[in-house]
Amino acid sequence: MTTLVWFRDDLRLCDNPALTWAASRGEVVACVLDEPAYPGSRPLGSAAAWWRERSLAQLRTRLAEHDIPLLRLDADARTAIPRLAHQIGPDAVLWNRRYHVRDVDAAVKESLTSSGIATHSFAGHLLVEPTAIKPYKGYTPFARAARQHLDDHPLGDPVPTPALSGPGAQAFAELSEPFPDEAPLPWQQRLADYWDPGGIDTSGKDPRPHPLPELEAWRTGETGIPLVDAGMRELWHTGYMHNRVRMVVGSFLTKNLGIHWRHGEEWFWNTLVDADPASNPFNWQWVAGCGDDASPFFRIFNPQLQASKFDPDGTYVRQWAPPLSPPPIVDLKQSRQAALDAYQEIC
């Protein structure tokens, strides 16, 4: 039997339940789509797109070692997957679930099953499925329950190598679009100094949008506030920032500078290698004090106190911030009071 495995955000061979199940049935053919921005979704940011291309290149190589072709299509899944299935003729089409465009996956499933092709989806995107643990108001009890769940349901094992095979890496090559080989932009190339997912970038876009006055100082780490500047420079160079510093720079942008959280969220979306369509905007609304489960509006992170508490020796700041910082672009005490006054007016 031949099984078509549709890779999405799960570009790996280990702990991949869809791929493991397919390997137990017979030969495997793999595919990946460059999908359009469906309603409710948006294109990947530059850093995440770089990561995906490197991961796809590595995945393609590893699958080829098992004679499994990785077919790539630039198309809407609702038409591309059924068409590809009819061209290949698999006994089943498998994928690991995703949650932000479930209507798209439902349409694919309906089209396949109506044509007599079996479909199966697996829990391979989240550590814990949304229905596995009841909602909690606080993080700590949720984390405790999640850890217990993971102890009871450990992560999957690697796919048994002898069982993983395909019809040949060149099989159905005429159905696939070529993998791009464009060189990455200099900014994205720097990410390779810190990460090694393997592969190339294809975005071809400058990740920096047109600057807005003052906002640009925050983006480039030139606010004169050492912890903020260190965090923003770490983000620019590595595509990553520690969660504590994310909260500090987010609070500083929205409350001390009075800039709308969407500007910060868009910057993070474009520069974080781990940008997530749910947690990225949700966390920005949290720190701005305007989300469904928001931090109290009067909670304003003081970058100086945060630095003294979490970077008491200054190691983090020395690593990322310039030795001679510019003067602060805003007075922390005065801007804090201005933010509190503004929030009071709308409460």
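Whatever comes next refers back to the structure up there.
This write-up is about the structure you can find in this document. (Residues numbered from 1 in each chain as written. Predicted model: local features only at pLDDT ≥ 70, side-chain atom pairs only at ≥ 80, totals over all residues. Heavy atoms only, no water.)

With respect to the side chain of serine 176
For step 1, the next point in the chain: Looking at the secondary structure, you find serine 176 in the loop between helix H5 (139-152) and helix H6 (186-191).
For step 2, the next point in the chain: Within the local environment of serine 176, its side chain forms a polar contact with the backbone nitrogen of arginine 72, the two atoms lying 2.9 Å apart.
For step 3, the next point in the chain: Setting aside its immediate chain neighbours within four residues, serine 176 contacts Leu70, Leu71, Arg72 and Leu73. (Helix = DSSP H or I, 4+ residues; strand = E, 2+ residues; numbered from the N terminus. Polar contact = N/O pair within 3.5 Å; in protein donor to acceptor, adjacent residues only side chain to side chain. Contact = heavy atoms within 4.5 Å.)

Comments concerning the packing of helix H9 (residues 243-256) against helix H12 (residues 303-310)
For step 1, the next point in the chain: Where H9 contacts H12, the two axes come as close as 10 Å, and the packing angle between them is 170 degrees. Overall, the two elements H9 and H12 adopt an arrangement that is roughly antiparallel. Contact with H9, carried on its side by Arg244, Val248 and Phe252, involves Pro303, Gln306 and Phe310 of H12 and no other residues of that element.
For step 2, the next point in the chain: Taken together, the residues of the contact of H9 with H12 break down into four nonpolar, one polar and one charged. (Axes fitted to C-alpha atoms, helices over the stretch in contact; angles between N-to-C directions. Parallel < 35°, antiparallel > 145°, perpendicular 65-115°, else oblique. Nonpolar A, V, L, I, M, F, W, Y, C, P; charged D, E, K, R; others polar.)

Section: the pairing of strand S2 (residues 27-33)
For step 1, the next point in the chain: Of all seven residues in S2, six are buried, a share of seventy percent or more.
For step 2, the next point in the chain: As for the winding sense of the linkage, the β-α-β connection from strand S1 (residues 2-7) through helix H1 (residues 17-23) to S2 is right-handed.
For step 3, the next point in the chain: Where S2 meets strand S3 (residues 70-73), four bridges bridge the pair, whose relative direction is parallel. Bridged to alanine 30 within S3 is leucine 70.
For step 4, the next point in the chain: Handedness of the crossover joining S2 and S3 through helix H2 (residues 46-64) is recorded here as right-handed. (Buried < 20%, exposed > 50% of the residue type's maximum accessible area, 1.4 Å probe, protein only. Right-handed = clockwise from strand over helix to strand, strands pointing away. Pairing = 2+ DSSP bridges.)

Looking at the sheet that holds strand S4 (residues 92-96)
For step 1, the next point in the chain: If you walk across this open sheet you meet the five strands as S3-S2-S1-S4-S5, and the pairing is parallel. Two strands lie at the open edges of the sheet, namely S3 and strand S5 (118-122), each paired on one side alone. In this sheet, neighbouring strand axes are inclined to one another by 25 degrees on average, regardless of whether the strands run parallel or antiparallel.
For step 2, the next point in the chain: Both S1 and S2 contribute to a ladder of six bridges, which runs parallel. Opposite threonine 3, over in S2, you have valine 28 as the bridge partner.
For step 3, the next point in the chain: Relative to S2, helix H3 (residues 77-88) is tilted by about 155 degrees, and along the sheet it contacts S1, S2, S3 and S4.
For step 4, the next point in the chain: Contacts from helix H4 (residues 102-114) reach S1, S4 and S5 within the one sheet, and its direction differs from that of S4 by about 165 degrees.

Side note on the packing of aromatic side chains
For step 1, the next point in the chain: The final tally for this structure, using the stated rule, is eight aromatic pairs.
For step 2, the next point in the chain: Relative to phenylalanine 268, the ring of tryptophan 218 has its centre 6.2 Å away and its plane inclined at 15 degrees; by these criteria the two rings are stacked. Here the residue tryptophan 218 occupies a position in helix H7 (residues 215-220), and phenylalanine 268 occupies one in helix H10 (residues 261-271), the gap between them amounting to 50 residues.
For step 3, the next point in the chain: Take tryptophan 218: its relative accessible area is 0%, and that puts it in the buried class.
For step 4, the next point in the chain: You can call phenylalanine 268 buried: its relative accessible area is 3%.
For step 5, the next point in the chain: Taken together, a centroid distance of 6.0 Å and an interplanar angle of 75 degrees make the contact between tryptophan 218 and tryptophan 284 edge-to-face. (Phe/Tyr/Trp six-rings, centres within 6.5 Å; stacked < 30°, edge-to-face > 60°.)

A word on the packing of H10 against helix H11 (residues 279-288)
For step 1, the next point in the chain: For the pair H10 and H11, interaxial distance at closest approach is 10 Å and the crossing angle is 145 degrees. The handedness of the crossing between H10 and H11 comes out as right-handed. Residues Trp261, Gly264, Glu265, Phe268 and Trp269 of H10 lie in contact with H11, whose contacting residues are Asn280, Pro281, Trp284, Gln285 and Ala288. (Left-handed = near helix turned anticlockwise from the far one by under 90°.)

By themselves these figures say nothing about function.
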